[in-house]
Amino acid sequence: MKRVGVIGGGQLAWMMADAAQKLGVELVVQTPSEHDPAVSIAKETVFAPVDDANATKILAQKCDIITFENEFVNLDALSILAQQGVCFRPRLEALAPLLDKYDQRCYLRDLGLPVPQFLALDEVKNLKSQIEYLGFPAVLKSRRHGYDGQGTFIIQDFAALEQKLSYETTTKNLNQSFFLLEEFIPFERELAIIAVRSVKGEIVTYPVVETQQEQQVCRRVIAPAEITPNQVAEIQAIAHTLLNSLQVVGIFGIELFLGTNGKILVNEIAPRTHNSGHFSIDACETSQFEQHLRAVCGLPLGNPALQSAGAVMVNLLGYEDSHSDYQSQRQQIAEIPQAHIHWYGKTESRTGRKLGHVTVLLDNQNREQAIAIAHSIESIWYPR
Ligand code: ADP
């Protein structure tokens, strides 16, 4: 029996529970609130924010390996624990180039992987002339702690950029160097791939999926994505290059843009399980959560293949401030044939908060049909 410490106790840690039980692994969680989803499934919880390295020291005493469901950690402080022999998987060196979006872009570019054009605002002398080569619209991003589109702004012109920067820097007391700016990609579709690397260096990838975002938040995932075999091969090669270069042990989510010109660009790397892989719980022989635990525990990797022709996953996002558990909507959704509903048990709903998700297994790979099913779920979930 291995004990795995998980930094972060949100839904990603919560969804490790079934896999942990299957593999005979105990989970110990570090998370701030007793209301966090994974507290209910953890063998033990260390109640502390994810960036509290003193708490992680206590966590380390309770487990054999530490992994992450949330990467907003204090790497400098954790590296002292690593020097003292605490085993982090993935290792901290694999996270270091990824936690800051600017550093991440530089790392990917230096590896020769395709990324949008970008610049850090602290290295810009003459903003106006530098921005000309990116053009407008442009995308302004917080370099750190962005998630679900928080800290990502699409900017239409120079005046709007100045206004946004001045608002963000004054209201949040941030320096301009906290931001990066990049070209807006007029993508045809957004794609993602989940890839995992074992202790022995074996790599397994899941089917490439299409992700659909609204207001920068993931709404739906369609598996597999309707793309060419060459595009699939290109994306798999990107995953291999990245995981091998970082010597990752564990699972990564890689978000990509498919440009209108057919060109693939990497948008973002998540060094953990990812929303774009939730379909794997119901649709694949080995879920991303089991696969991650297999990797970090040094077990052989499982089969990532789809067990149905296709699948569509729909996020159930909060749309109001409420304490409701939405029983009746959940019941209606559960009645859809081949629907599997996952409810994270959060006690508070807020607009945009991920409260649960549904995966519907499909007997074909018809994209239009997958989208229609997603819309019918959304019409039950969201009030008119
Ligand atoms: P987060 O880390 O908050 O998920 P992302 O950088 O992944 O932020 O951006 C969220 C979404 O915003 C993306 O899925 C995409 O829809 C949109 N987006 C981000 N960067 C760009 C870009 N350079 N061009 C066009 N759209 C973008």
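Scroll up to find the structure.
Position numbers for residues start from 1 in each chain and track the written sequence from start to end. With pLDDT at 70 or above as the cut-off, local features in this predicted model cover only qualifying residues; side-chain atom pairs require 80 or more to be listed or tallied, and sums for whole chains, interfaces and linings still use all residues. With hydrogens and water set aside, each side-chain value is computed from the structure's full complement of heavy atoms.

Caption draft 1: Molecular detail of the site of the ligand. Residues are classed as near a molecule or strand on a simple rule: at least one heavy atom within 4 Å of it. In the vicinity of the ligand, 21 residues are found, and the nearest of them are K101, K141, G149, I185 and E190. Here K141 contributes a side-chain N or O atom positioned 2.7 Å from an oxygen atom of the ligand. With respect to the ligand, the backbone of I185 contributes an N or O atom lying 2.8 Å from a nitrogen atom. The accessible surface values rely on the Shrake-Rupley method and a 1.4 Å probe; as for residues, cover is taken only from the protein chains in view. When the ligand is considered free in solution it has 540 Å² of accessible area, and contact with the protein chains removes 95% of it. Elements represented by at least two residues in the shell around the ligand include exactly β6 (138-142), β8 (179-183), β9 (187-197), β13 (250-259) and β14 (264-270). Residues are grouped as follows: Ala, Val, Leu, Ile, Met, Phe, Trp, Tyr, Cys and Pro are nonpolar; Asp, Glu, Lys and Arg are charged; all remaining types, including Gly, are polar. Its residues assigned to classes, the shell around the ligand shows six nonpolar, seven polar and eight charged. Residues adjacent in sequence count toward polar contacts only when both atoms are side-chain atoms; beyond that, a polar contact is any pair of N or O atoms within 3.5 Å, and within protein one must be able to donate a hydrogen and the other to accept it. Strands here mean DSSP runs of E at least two residues long; helices mean DSSP runs of H or I at least four residues long; both are numbered from the N terminus.

Caption draft 2: View of the sheet that holds strand β3 (residues 44-47). At least two bridges found by DSSP between two strands is the condition for calling them paired. With parallel pairing, the four strands of this open sheet are ordered in space as β3-β2-β1-β4. Both edges of this open sheet fall to β3 and β4 (65-68), since each of them pairs with a single strand only. Each adjacent strand pair in this sheet contributes to an overall mean axis angle of 25 degrees, direction not counted. Pairing between strand β2 (residues 25-31) and β3: four bridges, direction parallel. Looking at β3, one finds that V28 is bridged to E44. Packed onto the sheet, helix α3 (residues 53-61) meets β1 (2-7), β2, β3 and β4 and runs at close to 165 degrees relative to β2. Here an axis means a line fitted to C-alpha atoms, over the contact stretch when the element is a helix, while the angle between two N-to-C directions is reported on a 0 to 180 degree scale. When checking whether two residues touch, look at their non-hydrogen atoms; a contact exists if any pair is within 4.5 Å.

Caption draft 3: The packing of aromatic side chains, seen in detail. Pairing of aromatic rings covers Phe, Tyr and Trp, the last through its six-membered ring, and needs centres within 6.5 Å; plane angles under 30 degrees mean stacked, over 60 mean edge-to-face, and all others mean tilted. Within the structure shown, the criterion is met by twelve aromatic pairs. Seen in terms of ring centroids, F178 and F179 are 5.8 Å apart; in terms of plane orientation they differ by 75 degrees. Their pairing is edge-to-face. Residue burial is assigned from relative accessible area. The probe radius is 1.4 Å, only protein chains are included, and a residue is buried under 20% of its type maximum, exposed over 50%, and partly exposed in between. Residue class for F178 comes out partly exposed when judged on its relative accessible area of 28%. Their ring planes at 80 degrees and their centres at 6.4 Å tell us that W381 and Y382 sit as a pair that is edge-to-face. Classification of Y382 by relative accessible area gives buried; the value is 17%. What links up through ring pairs into an aromatic cluster is the set Y319, Y326, W343, W381 and Y382.

Caption draft 4: Focus on helix α11 (residues 288-296). Of all nine residues in α11, nine are buried, a share of seventy percent or more. Among all positions in α11, only Q288, F289, E290, Q291, H292, L293, R294, A295 and V296 are buried. Within two residues after α11, G298 carries a phi angle of roughly 75 degrees, on the positive side.

Caption draft 5: A look at the layout of surface pockets. When its volume is computed, the second largest pocket comes out at roughly 170 Å³. As defined here, a cavity is a set of points on a 1 Å grid over the protein atoms alone where a 1.4 Å probe fits but cannot get out. A pocket is an open set with protein on both sides within 12 Å along at least five of seven lines, and residues line them when an atom is within 4 Å of a point. Taken together, W14, M15, A17, D18, A19, I281, S287, F289 and H342 form the lining of the second largest pocket. Among the elements that make up the lining of the second largest pocket, the one with the highest residue count is helix α2 (residues 17-23) (three residues). Grid points are joined across faces, edges and corners, and a volume is the space filled by probe spheres set on the points.

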